[in-house]
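Commentary on secondary and tertiary structure
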4 protein chains.
Amino acid sequence: MKKTVSIIGASGYSGSELTRLLYDHPDVELMHLYAHGQVGKQVKELYPYLEADFVYEAYTGQTDSDIYFLALPHGEALSLVPALKNAGKMVIDLSGDHRIKSVKLHEAYYKSPKPAGAIMQYGMPELFKSKIQSTTWISNPGCYATSIVLGLAPLLTNDAIKETVESITVCATSGLSGAGRASKTALSYSEMNANMWAYKVGVHQHSPEIMQAFSYDVSSTPFAFTFVPSVAPFTRGIYTTLSLQLTKALSKEDVEKLYKSFYREAPFVRVQPNAPEIRAVAYTNFCDLHVGYASQNGSLVVISAIDNLIKGAAGQAIQNMNLMLGIDEETALKPGFLGPIH
Amino acid sequence: MKKTVSIIGASGYSGSELTRLLYDHPDVELMHLYAHGQVGKQVKELYPYLEADFVYEAYTGQTDSDIYFLALPHGEALSLVPALKNAGKMVIDLSGDHRIKSVKLHEAYYKSPKPAGAIMQYGMPELFKSKIQSTTWISNPGCYATSIVLGLAPLLTNDAIKETVESITVCATSGLSGAGRASKTALSYSEMNANMWAYKVGVHQHSPEIMQAFSYDVSSTPFAFTFVPSVAPFTRGIYTTLSLQLTKALSKEDVEKLYKSFYREAPFVRVQPNAPEIRAVAYTNFCDLHVGYASQNGSLVVISAIDNLIKGAAGQAIQNMNLMLGIDEETALKPGFLGPIH
Amino acid sequence: MKKTVSIIGASGYSGSELTRLLYDHPDVELMHLYAHGQVGKQVKELYPYLEADFVYEAYTGQTDSDIYFLALPHGEALSLVPALKNAGKMVIDLSGDHRIKSVKLHEAYYKSPKPAGAIMQYGMPELFKSKIQSTTWISNPGCYATSIVLGLAPLLTNDAIKETVESITVCATSGLSGAGRASKTALSYSEMNANMWAYKVGVHQHSPEIMQAFSYDVSSTPFAFTFVPSVAPFTRGIYTTLSLQLTKALSKEDVEKLYKSFYREAPFVRVQPNAPEIRAVAYTNFCDLHVGYASQNGSLVVISAIDNLIKGAAGQAIQNMNLMLGIDEETALKPGFLGPIH
Amino acid sequence: MKKTVSIIGASGYSGSELTRLLYDHPDVELMHLYAHGQVGKQVKELYPYLEADFVYEAYTGQTDSDIYFLALPHGEALSLVPALKNAGKMVIDLSGDHRIKSVKLHEAYYKSPKPAGAIMQYGMPELFKSKIQSTTWISNPGCYATSIVLGLAPLLTNDAIKETVESITVCATSGLSGAGRASKTALSYSEMNANMWAYKVGVHQHSPEIMQAFSYDVSSTPFAFTFVPSVAPFTRGIYTTLSLQLTKALSKEDVEKLYKSFYREAPFVRVQPNAPEIRAVAYTNFCDLHVGYASQNGSLVVISAIDNLIKGAAGQAIQNMNLMLGIDEETALKPGFLGPIH
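Residues numbered from 1 in each chain as written. Chains lettered and ligands numbered in written order. Predicted model: local features only at pLDDT ≥ 70, side-chain atom pairs only at ≥ 80, totals over all residues. Heavy atoms only, no water.

1. Here's the deal with the overall build of chain A
Regarding its fold elements, chain A presents 12 helices and 13 strands. Radius of gyration (C-alpha) of chain A: 20 Å, near the 20 Å computed for a compact globule of 342 residues. Taken along the three principal axes of its C-alpha coordinates, chain A extends 60 × 45 × 40 Å. Put simply, 69% of the contacts in chain A that link residues at least 6 apart link residues at least 24 apart. Total accessible area on chain A is roughly 11,500 Å²; 51% of this is exposed by carbon and sulfur atoms. Charge centroids of chain A, computed over 28 positive and 31 negative side chains, lie 3 Å from each other. (Helix = DSSP H or I, 4+ residues; strand = E, 2+ residues; numbered from the N terminus. Rg over C-alpha atoms; globule rule 2.2 N^0.38 Å. Contact = heavy atoms within 4.5 Å. Areas by Shrake-Rupley, 256 points an atom, 1.4 Å probe, with all protein chains shown as cover. Lys, Arg positive; Asp, Glu negative; His and termini not counted. Charge placed at Lys NZ, Arg CZ, Asp CG, Glu CD.)

2. Side note on the interface of chain D and chain B
Opposite the 18 residues of chain D that make contact, chain B presents 18 residues. For the pair chain D and chain B, the summed buried area comes to about 1,600 Å², and 48% of that belongs to carbon and sulfur atoms. When residues of chain D are sorted by the area they lose upon contact with chain B, Thr185, Tyr189 and Ser190 of chain D head the list and together hold 41% of the total. Summed over the shared surface of chain D and chain B, the number is 0 salt bridges. Here chain D and chain B share 12 residue pairs in polar contact (both at pLDDT 80 or more) between them. In terms of residue count, the dominant contributor to the side of chain D that touches chain B is helix H8 (residues 189-192) of chain D (4 residues). A breakdown of the residues in the side of chain D that touches chain B according to their chemical character gives 8 nonpolar, 7 polar and 3 charged. (Buried area = accessible area lost by both parts, 1.4 Å probe. Salt bridge = Lys/Arg side-chain N within 4 Å of Asp/Glu carboxyl O. Polar contact = N/O pair within 3.5 Å; in protein donor to acceptor, adjacent residues only side chain to side chain. Nonpolar A, V, L, I, M, F, W, Y, C, P; charged D, E, K, R; others polar.)

3. Side note on the environment of Thr226 of chain D
Tracing the backbone through its elements, the reader meets Thr226 of chain D in strand S9 (residues 224-231). Residue Thr226 of chain D is classed as buried on the basis of its relative accessible area of 0%. Residues Thr226 of chain D and Gly175 of chain D, 51 residues apart in the sequence, show an inter-C-alpha distance of 20 Å. Setting aside residues up to four positions removed in sequence, Thr226 of chain D forms contacts with Ser243, Ser299 and Val301 of chain C together with Ile168, Thr169 and Val170 of chain D. (Buried < 20%, exposed > 50% of the residue type's maximum accessible area, 1.4 Å probe, protein only.)

4. Some details on the domain arrangement of chain A
Residue and element names in this part refer to chain A. With domains assigned, chain A is organised as domain 1 (3-141 + 310-325) and domain 2 (144-306). Computed from C-alpha atoms alone, the centre-to-centre distance between domain 1 and domain 2 is 24 Å. In this assembly, 25 residues from domain 1 lie in contact with 29 residues from domain 2. Interface area, domain 1 with domain 2, both sides summed: about 2,200 Å², of which 63% is carbon and sulfur. Taken as a group, Tyr13, Tyr109 and Lys311 account for 27% of the area that domain 1 buries against domain 2, more than any other trio of residues on that side. Counting across the domain 1 and domain 2 interface gives 2 salt bridges. With a shortest N-O distance of 3.5 Å, Arg99 and Glu209 are connected by a salt bridge. Inspection of the domain 1/domain 2 interface yields 10 residue pairs in polar contact (both at pLDDT 80 or more). (Domains from an automatic or database assignment.)

5. Quick notes on the side chain of Asn193 of chain A
Topologically, Asn193 of chain A is positioned in the loop between helix H8 (189-192) and strand S8 (197-198). When residues no more than four places from it in sequence are discounted, the contact partners of Asn193 of chain A are Tyr189 and Thr235 of chain C together with Asn193 and Ala194 of chain D.

6. Quick word on the relation of the copies chain D and chain B
After a rotation of 180° and a shift along the axis of 0.0 Å, chain D superposes on chain B with an RMSD of 0.0 Å. These values place the two chain copies in the arrangement generated by a two-fold rotation axis. (Least-squares fit on C-alpha atoms with pLDDT ≥ 70 in both.)

7. As for the packing of aromatic side chains
A complete count under the given rule lists 48 aromatic pairs over all chains for this structure. An angle of 20° between the planes, with centres 4.1 Å apart, marks the rings of Tyr109 of chain A and Tyr110 of chain A as stacked. You'll find Tyr109 of chain A and Tyr110 of chain A in the same group, each marked buried. Geometrically, the ring pair formed by Tyr47 of chain B and Tyr49 of chain B is edge-to-face, given 6.1 Å between the ring centres and 65° between the ring planes. Each member of the pair, Tyr47 of chain B as well as Tyr49 of chain B, carries the same accessibility label: buried. These aromatic residues form a ring-pair network of at least three members: Tyr13, Tyr47 and Tyr49 of chain A. The side chain of Lys85 of chain C reaches across the aromatic face of Trp137 of chain C, ending 4.1 Å from its centre. (Phe/Tyr/Trp six-rings, centres within 6.5 Å; stacked < 30°, edge-to-face > 60°. Lys NZ or Arg CZ within 6 Å of the ring centre and 35° of its normal.)

8. Here we look at the interface of chain D and chain C
Counting residues at the interface gives 38 residues for chain D and 38 residues for chain C. Summing both sides of the interface, chain D and chain C together bury roughly 3,100 Å²; the carbon and sulfur share of this comes to 62%. Seen at the junction of chain D and chain C, the total is 2 salt bridges. Residues Glu191 of chain C and Arg279 of chain D are paired through a salt bridge, measuring 2.8 Å at the closest nitrogen-oxygen approach. Inspection of the chain D/chain C interface yields 16 residue pairs in polar contact (both at pLDDT 80 or more). Secondary structure elements with two or more residues in the side of chain D that touches chain C: strand S7 (165-174), strand S8 (197-198), S9, strand S10 (238-246), strand S12 (287-294) and strand S13 (299-306) of chain D.

9. A short note on the environment of Pro276 of chain B
Mapped onto the elements of the fold, Pro276 of chain B is located in the loop between strand S11 (269-271) and strand S12 (287-294). Taking relative accessible area as the criterion, Pro276 of chain B reaches 2% and is therefore assigned buried.

10. As for the relation of the copies chain D and chain C
The relation between the two copies of this chain is a rotation about an axis and a shift parallel to it. Overlaying chain D on chain C yields an RMSD of 0.0 Å, the required transformation being a rotation through 180° with an accompanying axial translation of 0.0 Å. The residues that chain D uses at the interface reappear at the interface of chain C in 100% of cases, marking a shared surface.

11. Side note on the confidence of the model for chain A
All names here are of chain A. In this model, chain A carries a mean pLDDT of 92, and residues with pLDDT of at least 70 account for 96%. Taken as a whole, residues 336-342 scores under 50 in pLDDT and shows 45 contacts with residues more than four places along the chain or in a different chain. This complex was scored by the predictor with a pTM of 0.96 and an ipTM of 0.95. (pLDDT = per-residue confidence, 0-100.)

12. Observations concerning the pattern of salt bridges
Summed over all chains, the structure comprises 48 salt bridges over all chains. With a closest N to O distance of 3.7 Å, Glu256 of chain A and Lys252 of chain A form a salt bridge. Of the two residues, Glu256 of chain A and Lys252 of chain A both sit in helix H10 (residues 252-262), 4 residues apart, roughly one turn of that helix. Here Lys252 of chain A falls in the partly exposed class, since its relative accessible area comes to 27%. Glu329 of chain D serves as the salt-bridge partner of Lys129 of chain D, at 2.8 Å between the closest nitrogen and oxygen. With a gap of 200 residues between them, Lys129 of chain D in helix H5 (residues 125-133) and Glu329 of chain D in the segment after helix H11 (310-325) connect regions that are remote in the sequence. A network of salt bridges, in which partner residues are shared, links Lys44, Glu51 and Asp53 of chain B together with Arg270 and Asp288 of chain C.

13. Observations regarding the sheet that holds S13 of chain D
All names here are of chain D. Strand order in this open sheet of 7 strands is S8-S9-S7-S10-S13-S12-S11, and the pairing throughout is mixed. The open sheet has two free edges, formed respectively by S8 and strand S11 (269-271), since each of these has just one partner strand. Pairing between S12 and S13: 7 bridges, direction antiparallel. By the bridge assignment, Tyr293 is partnered in S13 with Val301. Running over the sheet, helix H6 (residues 143-156) touches S7, S9, S10, S11, S12 and S13 and is turned about 35° from S10. (Pairing = 2+ DSSP bridges. Axes fitted to C-alpha atoms, helices over the stretch in contact; angles between N-to-C directions.)

14. Regarding the sheet that holds strand S13 (residues 299-306) of chain C
All names here are of chain C. The 7 strands are arranged S8-S9-S7-S10-S13-S12-S11 in an open sheet whose pairing can be described as mixed. Across the chains shown, the open sheet's two edge strands, defined by having one partner strand only, are strand S8 (197-198) and strand S11 (269-271). Pairing analysis gives 3 bridges linking S11 to strand S12 (residues 287-294), with the strands arranged parallel. Within S12, the position partnered with Val269 by the bridge is Cys287. Strands S11, S12 and S13 of the sheet are contacted by helix H10 (residues 252-262), whose axis makes an angle of about 160° with S12.

15. Structural notes on helix H1 (residues 13-23) of chain B
In terms of residue burial, H1 of chain B counts as a mostly covered element, since 9 of its 11 residues are buried. Listed as buried for H1 of chain B are Tyr13, Gly15, Ser16, Glu17, Leu18, Thr19, Arg20, Leu21 and Leu22 of chain B. Against strand S1 (3-8), strand S2 (28-34), strand S3 (67-70) and helix H11 (310-325) of chain B together with H8 of chain D lie the buried residues of H1 of chain B.

16. What about the pairing of strand S2 (residues 28-34) of chain C?
Residues and elements named next belong to chain C. For S2, a buried count of 5 out of 7 residues is recorded, marking the element as mostly surrounded by other parts of the structure. The pairing of strand S1 (residues 3-8) with S2 spans 6 bridges and is parallel. Counterpart to Ile8 in the pairing with S2 is Tyr34. In this view, the connection linking S1 to its parallel neighbour S2 by way of helix H1 (residues 13-23) has right-handed handedness. (Right-handed = clockwise from strand over helix to strand, strands pointing away.)

Right, dumping it as structure tokens:
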């Protein structure tokens, strides 16, 4: 019998992508779509390309499904997860609520309190596959963090190389769906067409999540990790440039070999000979990586491209569910010849 | 009597912006528009918003104007400049032909030969105003270099700070007009809408021009200057993020003060309290700068935004002409309350 | 001495274009910018390309300027105009409040009451120049109506032709700035990029304004005037296709001749040999027209393109002011060689 | 055993969509991709989101597949089809070569000759399902014609209504993929962003195909069918507004009922209560229709939206193949809950 699955927070962009992908998933059955702001509306009123006859419901503590995806604004999942865990449900939280181990860092980062222990397995299959397979509670990575962690993992999980890293600079440009299903003047078409801007320049927003993924002592003295996020006029995608200053230079060939080896069993990571494009990963669960440069002076450039709503949210969440269910990791995510599509 | 001015290479995007801005310039008279590929066509056939009745002509060595702007593909200005200089003309070359002092570096960079001595004053008014005022031959800076040099100048012209610079990482995203009036599949609307890609990752393409501007010994051992250019779906603008690793940290306040002081007499550079936007500089000769971050660990972020066709090409070229003519630097470039306009 | 001018409702898109163009106008002096929702903010906080140091104020009945532009939402100008008229001020209302003569039709159209007599001269210079020159109160045409009326005027002001018109079909596609400085989900970049939709299909919304301009008896039995507005992914511009079914066919050549003759003294209307483009009129006060087809079977196609914020709003309003002031109609609107600019 | 299928002309946009959709089709096996301009290149070099290891080949008369899709420029299919027919192959031609019955009209329309008899069954399943099921040679409809014919069919296949039609006006706005995988300046991002233009205004280009679909005597005296195509800045989609002048008015309710009844067994046509959006049909095989207006004066508006590359090309071609193979019409085209996807 198929497992049943429900989505809490189904009406946002991550929620609608979960809806779309889970509906077509052969091994689960979509049961409820909860969205308190849209109760009673049909899904197709908001997403006219979604054709099935689902109606958004209010979530009031139901536990009649086997699996729960939480695609809520930060802070809202914290109070729902304990009851779902107690009821023995499989839980995948797409928010940041259960990502950061240190309560102090969480509160500094998200500007809201969280109870000690509100932490679940970090759901990045390329780094923690066996841990994911043996748990039932997942904290799904953030979209920026996904693009950055996958771009850095072959280097920073290698202790010999990790020691030579002096500084990391990250320029990451996101499509506007990253801001959610918004109604803000600054995100209107008239303001954003032909526009580009950075924000939260250098405030290290995602560094705890990223450094924790690599077992850095994130409470220690500052590390030269500089993060500059920006938005440009496209809807889907994150384009991330990672520049590393190393004390000991590596050749481009060796680095490329390292990346290919590291990701040899990762079906959704492609190490590309040329700089990636957003259009190559949009609507897919792929992360395209490119090792662009490894000079004699110790600087190295890695470029990473994902679809923020798929590999950066709904797709990775389903990949995690697949692993927890013990089924093929690619189920519903890679039906052969990928197109601008699942 | 007004000086007469002609444009050689008038049909490209830089040429058409020169046409538009010079036509409205109160102190010069536009005389000839040369464009060998468009001879006989009216300007408004290519640029329907340009209303005057100019017709593109073939350039065959005419010297009947006082001032010549050269907006030709790289390599084509080299052979024209000597005759124009000999005829006593004022020359402003927008190509890269006369920028790099070292013949060896020029040839490595542009992959084509140039004669020794083919060098003209680097036309960046914010750094070399008095030298520009006393010459009649200008090599106009490149668009990427303009956004980078203006973003770095207050730091790298200060010897005490310059010595503390360990590495510089530049992510610069250009609008597609930077590729010129092109007919390539990769630049078609269907390919580029909702797309983004980097190119020439880390190949240091503009570093000789930039390092030369700051009197670095560009022939010496490598300096950690990492440059990653990319394109995103907008027509005009360059959005540049500069990240510097310093051996001695500076406070954000001191850096901001330094920038404001450095540019206190530069009418087109605005030091902004927030991260700039492309829409704030598009169709203007402004360069907006923002000092975003200056941590205790020695990293510093500066963001720079320009219109690649105006401050990065035609506008800066006219600013240089104004200085050479001894008239107000802002003439035809800043009629008071700037709009999405000259 | 220069006339002084103030804008009530200065913070929307029409208001910001008025601000920009009036600031550079040589014959008037911009005095106050009123915007009740933005009091105390600097103009450049909303429009970073507008560089002067204006601050938005609250309008509380001041009458210290000579000229008032009203760029308010529909319904708000009705109560302000009587006092301004009594104080002897020149008034240009960009809203629909004073356009429709029939109170009954106004109320059916705008769904809000208006007093009898709240009507001012319809400010379309190409049709009513001498009336505009001899009044001081103007109701500025709507943007859709401007593109339609200019496209139809040579035919419908000709009684012999007007009699042969059986039906008129209008498809008009507007850029998203037509919806104003909005914060609606449906107008966000993520929803509108790569999208297009029609709205208010066939509800005849602008027909009273248009038919009144041509002295049709708008209260009489229905006329086959079908209007389908839509939006597409661009910020500025209206692209209007007018298709007329005539009982007596006209040749394309005769119609083109008629248009050129009709507009021979209209500096902002260009009859073009090819179908117009939005980029040819964006940032200008031009209306580009094209007579596309005049078959033997009595159908005729006219295409019209304007910038909705300039010729469809702020530019036409200033054109009207110029005429009322007795100065050159083109002042501040056509500085020679028009670019993507004023 | 699965039927084998090959695509001749596989590297254009229709060809790449065929590739993507056929690769995932459960009942056929993709065998060869022919593209003479790209021989030896991997598919993913052109379409990086297409992940399988196909290489483009040269077509030199091979007949080793069961089914051939021809996605060639107009004129090139004519010479290939006879041999494929003789070899007993199933053929689906996406070009215009086999659409028009009258050689004279074909030559006037396409400006190139064709032999008498070069005609195959018009592949519009919603009108000719049983004929398609009993043939093996299909001429696939054009993209504009698909959006127009589906929008008009319920009216023009009804003789009583058809007689009352006085005139039809069509404004159809296409995305830029309609121009193919192009390398033209006019279609570059820099020219087309924020732009819109009409072309071939009123030249009746598609009227033979459309009128033939409805058994009009296309060689007779002109019918008032006015067609104005335009392009706007999006990649996929055609947004078509159909305005009909009738001698006898119909109520909106009756027309809507007629449309719902006509399409009650058409799985890909949705009669919508509101004006359609491009984003609702992009990446799908849907045609969304809306009856917008049916006034008392005899005018009627119907709006139609499709993805030009799917329902207007590759999707409809596969729908035709499904019918010819006797399998479910929706196979590979509607896997349940459709997303921005197949």
